[in-house]
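Structural overview for review
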Amino acid sequence: MKHLSIVVPNGQNNLSSIVGPYKIFTRANDYFESKGNSRQFQIELIGTEEKVDFYQGLFTVNPHKKLHEISKTNLIIIPSLNHTYLDAINGNQEMISWLSSQFKSGTEIASICTGAFLLASTGLLDEKSCSTHWSAAANFREMFPKVNLKEDQLITDENGIYTNGGAYSFLNLMIYLIEKFYDKETAIHCAKVFQIDFDRNFQSEFSIFQGYKKHGDVEILNAQTIMEKNYADKISMESLSEDLNLGRRNFDRRFKKATSLTPIDYLQRVKIEAAKKSFELSRKNISEVMYEVGYNDSKAFREVFSKLTGLTPQQYQGRYYKSI
């Protein structure tokens, strides 16, 4: 039987992403066994303390074992952290070392949401793809510039390391892992029992574009402000770079370095974020919203909108306007 370690980091982190994997994998074990197979995993919560409190002591988790008692495990799941990432990293150095040594001995590792911060601090994600919650993307890029962050991706899978986007999208990662380590029938069963969408691939539908502003480049920050205030106007990047006393190539290079996006991509995301808000809060039709955010070409607007959200404008408005 394989061994699954769901780690319980020290600190006020997210209990749901510990309980959720435990319940889903337990159900997968039960179903797999009911079909005449052997149970796939021994599932245990692993930590460095006898107990870890959550939500100011309202809940307490008592890990089955401590890290030093696990010499070898097959799969590790790292839960979502609180938003005090540095505190979480500093308070879990023993766990970080253990994660690194386990991976180097052949263990596979999955991180949930902001658990990617703990995983990235091992160095194992350097030069690899990774996802995390869209709201934590800017902080993640700043702390781990060597990691290839894919903030629109719901799940990444690379060389035995799995990561996923934010919040309750960890449920999709669990179904993905169950299909990988059990079979598709078991994954479909768990998806039905826990009512989890089986085919979600992106978290871009849920993201709110904010634009990274902590880069320290004053001219580029001015350019971002101009774009965000005047997105409905026709903005010439050539003229904008001249207004900032920057050559166009230098402007593009510095903008990409500061924000991780080209100026054109940044402006598109600003426009589409404004369009999303309009679809959410008004009955305006697609053409009205398109002109409102500065597009004149219906085909171009629809293509960019679908690329950045994973939904057509009609689908987005139908899903989010009705839900208000």
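See the structure above.
Read on for an overview of the structure. Computed from a predicted model, the values in this text were never measured in an experiment. (Residues numbered from 1 in each chain as written. Predicted model: local features only at pLDDT ≥ 70, side-chain atom pairs only at ≥ 80, totals over all residues. Heavy atoms only, no water.)

Here we look at helix α14 (residues 313-320)
Defined as follows: With a 1.4 Å probe rolled over the protein chains alone, any residue whose accessible area is under 20% of its type maximum counts as buried; one over 50% counts as exposed, and the rest are partly exposed. Secondary structure elements follow DSSP: runs of H or I of four or more residues count as helices, runs of E of two or more count as strands, with numbering from the N terminus. Each direction from the helix axis to a C-beta atom contributes to the arc, which is the arc of those directions. Two residues qualify as a contact provided that any one of their heavy atoms is within 4.5 Å of a heavy atom in the partner residue.
Regarding α14, the residues found buried are Pro 313, Tyr 316, Gln 317 and Tyr 320. Considered in projection along α14, the buried side chains sweep an arc of 95 degrees and stay on one side of the axis. On its buried face, α14 sits against α11 (263-281), α12 (286-292) and α13 (298-309).

A look at the sheet that holds strand β5 (residues 65-66)
The following threshold applies: One requirement defines pairing of two strands: DSSP has to find at least two bridges between them. Axis definition: a line fit to C-alpha positions, over the contact stretch in the case of helices; interaxial angles, taken between N-to-C directions, run 0 to 180 degrees.
Spatial ordering of the open sheet is given by β5-β2-β1-β6-β7-β11-β10, a layout of 7 strands whose pairing is mixed. At either end of the open sheet lies a strand with only one pairing partner, and these are β5 and β10 (155-158). Relative to strand β2 (residues 41-47), helix α1 (residues 16-34) is tilted by about 165 degrees, and along the sheet it contacts β1 (2-7), β2 and β6 (75-78).

Let's talk about the pairing of β10
As judged from the 4 bridges shared by β10 and strand β11 (residues 161-164), these two strands associate in the antiparallel manner. Counterpart to Asp 157 in the pairing with β11 is Tyr 162. Between the end of β10 and the start of β11, which pair antiparallel, lie 2 residues, with Asn 159 showing a positive phi angle near 55 degrees.

Considering the pattern of salt bridges
Operational definition: The rule for a salt bridge is simple: a side-chain nitrogen of Lys or Arg has to be within 4 Å of a carboxyl oxygen of Asp or Glu.
Scanning all chains against the criterion turns up 16 salt bridges. Here Glu 50 makes a salt bridge to Lys 66, at a shortest N to O gap of 3.5 Å. Here the residue Glu 50 occupies a position in the loop between β2 and β3 (52-54), and Lys 66 occupies one in strand β5, the gap between them amounting to 16 residues. We note a salt bridge from Arg 141 to Glu 151, for which the minimum N-O separation is 2.8 Å. Residue Arg 141 is located in helix α5 (residues 137-143), and its partner Glu 151 is located in the loop between β9 (148-149) and β10; the two are separated by 10 residues in the primary sequence. Here Arg 141 falls in the partly exposed class, since its relative accessible area comes to 29%. Owing to a relative accessible area of 23%, Glu 151 belongs among the partly exposed residues under this scheme. Shared partners join several salt bridges into a network, and the residues in it are Asp 30, Glu 33 and Arg 39.

Notes on the environment of Phe 117
Along the polypeptide, Phe 117 turns up in helix α4 (residues 115-120). Here the alpha-carbon distance between Phe 117 and Tyr 85, two residues 32 residues apart in the chain, equals 6.8 Å. Residues contacting Phe 117, with those up to four places away along its chain left out, are Leu 81, Tyr 85, Ile 89, Thr 132, Ala 136, Asn 139, Phe 140, Met 143 and Phe 144.

Notes on the side chain of Asn 92
With respect to the helices and strands, Asn 92 occurs in the loop between α2 (85-90) and α3 (93-104). Contact partners of Asn 92, with chain neighbours within four places excluded, come to Pro 9, Asn 10 and Leu 118.

Details of the pairing of β1
Just so we agree on the cut-off: We call a crossover right-handed when, viewed with both strands directed away from the observer, the connection leading from the first strand over the helix to the second proceeds clockwise.
Taken across its 6 residues, β1 has 5 buried, putting it largely inside the fold. Judged from the 6 bridges that link them, β1 and β2 form a sheet pairing that is parallel. The partner of Ser 5 across the bridge, within β2, is Glu 44. Handedness of the crossover is the feature at issue here: the chain leaves β1, passes through α1, returns alongside β2, and the resulting connection is right-handed. Sheet analysis places β1 next to β6, joined by 3 bridges and oriented parallel.

Brief notes about the packing of α13 against α14
How we decide: An angle below 35 degrees is treated as roughly parallel, one above 145 as roughly antiparallel, one from 65 to 115 as roughly perpendicular, and anything else as oblique.
Between α13 and α14, the least distance of the axes is 9 Å, while the angle of their chain directions is 55 degrees. In terms of orientation, α13 and α14 fall into the oblique class. On the side of α13, the interface is formed by Phe 301, Arg 302, Phe 305 and Ser 306, while α14 contributes Pro 313, Gln 314 and Tyr 316.

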